[in-house]
Amino acid sequence: QVQLVESGGGLVQPGGSLRLSCAASGMIFSRDVMGWYRQAPGKQRELVAVITSGGSTNYADFVKGRFTISRDGAKNMVFLQMNSLNTEDTAVYYCNVHRFPMNYWGKGTLVTVSS
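The sections below set out a description of the structure shown in this document. (Residues numbered from 1 in each chain as written. Predicted model: local features only at pLDDT ≥ 70, side-chain atom pairs only at ≥ 80, totals over all residues. Heavy atoms only, no water.)

Points about the side chain of T109
Logical step 1: Within the fold, T109 resides in strand β11 (residues 109–113).
Logical step 2: A distance of 3.2 Å separates a polar atom in the side chain of T109 from the backbone nitrogen of G9.
Logical step 3: Apart from residues no more than four positions distant in its own chain, T109 is found in contact with E6, S7, G8, G9, L20, A91, V92 and Y93. (Helix = DSSP H or I, 4+ residues; strand = E, 2+ residues; numbered from the N terminus. Polar contact = N/O pair within 3.5 Å; in protein donor to acceptor, adjacent residues only side chain to side chain. Contact = heavy atoms within 4.5 Å.)

Following this line, the structure appears as structure tokens:
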């Protein structure tokens, strides 16, 4: 079993930055893919970025060049550095561990981009 706790969300002005963190407890295996998803009001949850233990990454087109995902294997943590935020980035951001065929989710952290 894996428990995930996100932190770092909050209110930020357009053009600003935030860094999200996710701490995983329980066993994290090298084959696990860690990542971030988000869900805006009235919309479906969507992938933001994922990262393997080897450091391979995949980003949604709408965050390429603005967001950076990273992973600390020793601490079982994953991070999301978000720059150049805009109002469309407002959402609840969820940490995810994918261990086929299971998905583990955190409770989410709210990011609000507003002036």
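Here's the deal with the pattern of salt bridges
Logical step 1: Throughout the structure, instances matching the rule amount to five salt bridges.
Logical step 2: A salt bridge links D61 to K64; the nearest nitrogen and oxygen atoms lie 3.2 Å apart. Take D61 and K64: they sit in the same class, and that class is exposed.
Logical step 3: In the salt-bridge network here, residues are joined through shared partners; they are R38, E46, R66 and D89. (Salt bridge = Lys/Arg side-chain N within 4 Å of Asp/Glu carboxyl O. Buried < 20%, exposed > 50% of the residue type's maximum accessible area, 1.4 Å probe, protein only.)

Notes on the packing of aromatic side chains
Aromatic rings in a pair are described by how distant their centres are and how their planes are angled relative to each other.
Logical step 1: Taken as a whole and judged by the stated rule, the model has one aromatic pair.
Logical step 2: For the pair Y37 and W105, a centre-to-centre distance of 5.0 Å together with 75° between the ring planes defines the contact as edge-to-face. Of the two residues, Y37 is situated in strand β4 (residues 33–39) and W105 in strand β10 (residues 102–105); the sequence distance between them amounts to 68 residues.
Logical step 3: Above the plane of the ring of F29 lies R31, whose end atom (NZ or CZ) is 4.9 Å from the centre.
Logical step 4: Over the face of the ring belonging to Y94 we find R45, whose NZ or CZ atom lies 3.7 Å from the ring centre. (Phe/Tyr/Trp six-rings, centres within 6.5 Å; stacked < 30°, edge-to-face > 60°. Lys NZ or Arg CZ within 6 Å of the ring centre and 35° of its normal.)

A few points about the pairing of β11
Logical step 1: Residues of β11 alternate between two faces, with T109, V111 and V113 buried on one and L110 and T112 left unburied on the opposite face.
Logical step 2: The sheet contact formed by strand β2 (residues 10–12) and β11 spans three bridges and is parallel. Of the residues in β11, the one forming a bridge with G10 is V111.
Logical step 3: Relative to β11, strand β9 (residues 91–99) is paired through three bridges, and the arrangement is antiparallel. Within β11, the residue paired with V92 across the bridge is L110. (Pairing = 2+ DSSP bridges.)

Re the environment of F29
Logical step 1: By secondary structure assignment, the location of F29 is in the loop between β3 (18–25) and β4.
Logical step 2: Looking at F29, the relative accessible area reads 32%, which means it is partly exposed.
Logical step 3: As a C-alpha pair, F29 and A60 span 31 residues in sequence and 24 Å in three-dimensional space.

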